[in-house]
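Chain residues, written in single-letter form:
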Amino acid sequence: MVLLGVNIDHVATVRQARRGDVPSVVEAALAAVKGGADSITAHLREDRRHIQDADVAALKRALKVRLNLEMAPTEEMVRVARVVRPASVCLVPERRQELTTEGGLDVLSHLKRFKSVTEKIKTKGILVSYFIDPEPALVEAAKAAGADAVELHTGAYSRAASPDAQHDELKKIQAAAARARELGLTLNAGHGLDYDNVGPVAHVAEVNELNIGFSIIGRALFVGLEQAVKEMRLKMAAV
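Draft legend 1. Representation of a nonpolar patch on the surface. On the surface, a cluster of nonpolar side chains totalling about 360 Å² of accessible area is made up of Leu221, Phe222 and Val223. Along the chain, Leu221 falls in helix H10 (residues 214-223).

Draft legend 2. Inspection of the layout of surface pockets at higher detail. Taken as a whole, the second largest pocket spans an internal volume of roughly 270 Å³. Lining the second largest pocket are 13 residues, with His10, Val11, Val14, Ile217 and Leu221 sitting closest to its centre. For the lining of the second largest pocket, the secondary structure elements donating two or more residues are helix H1 (9-16), helix H2 (25-35) and H10. Among the elements that make up the lining of the second largest pocket, the one with the highest residue count is H10 (five residues).

Draft legend 3. Fine view of the packing of H10 against helix H11 (residues 225-237). Where H10 meets H11, the axes come as close as 7 Å, and the angle between the chain directions of the two elements is 125 degrees. If you check the angle between H10 and H11, you find them oblique. Taken as a pair, H10 and H11 cross one another with a handedness that is right-handed. Of the residues in H11, those touching H10 at Ser215, Ile216, Ile217, Arg219, Ala220 and Val223 are Leu225, Gln227, Ala228, Val229, Glu231 and Met232. Residues belonging to the contact of H10 with H11 are distributed by class as follows: eight nonpolar, two polar and two charged.

Draft legend 4. Focus on the environment of Thr41. One can find Thr41 in strand E2 (residues 39-43). Separated by 33 residues in the primary sequence, Thr41 and Ile8 have C-alpha atoms spaced 6.5 Å apart. Beyond its immediate sequence surroundings of up to four residues, Thr41 is in contact with Val6, Asn7, Ile8, Asp9, Asn68, Glu70 and Asn211. Side chain to side chain, Thr41 and Asn68 meet in a polar contact 3.0 Å long.

Quick notes on the rules
Residues numbered from 1 in each chain as written. Predicted model: local features only at pLDDT ≥ 70, side-chain atom pairs only at ≥ 80, totals over all residues. Heavy atoms only, no water. Patch = residues over 30% accessible without salt bridge, like charges linked within 9 Å, V, L, I, M, F, W, Y side chains within 5 Å. Areas by Shrake-Rupley, 256 points an atom, 1.4 Å probe, with all protein chains shown as cover. Salt bridge = Lys/Arg side-chain N within 4 Å of Asp/Glu carboxyl O. Helix = DSSP H or I, 4+ residues; strand = E, 2+ residues; numbered from the N terminus. 1 Å grid on protein atoms, 1.4 Å probe; cavity = no way out; pocket = protein on both sides within 12 Å on 5 of 7 lines; lining within 4 Å. Points joined across faces, edges and corners; volume = space filled by probe spheres on them. Axes fitted to C-alpha atoms, helices over the stretch in contact; angles between N-to-C directions. Parallel < 35°, antiparallel > 145°, perpendicular 65-115°, else oblique. Left-handed = near helix turned anticlockwise from the far one by under 90°. Contact = heavy atoms within 4.5 Å. Nonpolar A, V, L, I, M, F, W, Y, C, P; charged D, E, K, R; others polar. Polar contact = N/O pair within 3.5 Å; in protein donor to acceptor, adjacent residues only side chain to side chain.

Structure below.
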């Protein structure tokens, strides 16, 4: 069965609108776990627009499932990861102007730097994943940089304007997934996945885990987070 990681960044987005203590990201994470989440993802951005350093530490203390820390490959974030020691780190590109992560890491252009960052994180026993566009060459570069896993960016698939376009994007995901399997990399995927489009990606043979946030948090406004996670798991399992 494909695993489900739930990203709770948008719970923190609501909290930061008032700079208060509620809603609690820890309570949200525990509700997601109760609903069937196998891991919790939190993105500590450099501008701290939603998740805060204290959130990451609190999640590490509270969770009995894996904590996956999304972060930019910077010296500051490497220091945070080495102190907190989440189960895994997913390295993502980051721009201050973007609303959310808009694309995958350019591993090919920065291979030497990413290799150094990866080594520093892995010395603390943390698994390292690279968030990349679904291209076999990028999968190969991630392997060369020392990644344990790759997370394929499903944004183009999720935004596809027609069934044919979505099918073409799914073929790209399948090709990159097959290359990851050949290289011995764990294969995850995420970005823009929702209750309507998750099924085909969940059924890509090599997929280990899907990381989903916005659609689950949006659904939770109406049915609660625990139920929203349960519903997503049903959609992932549906044939």
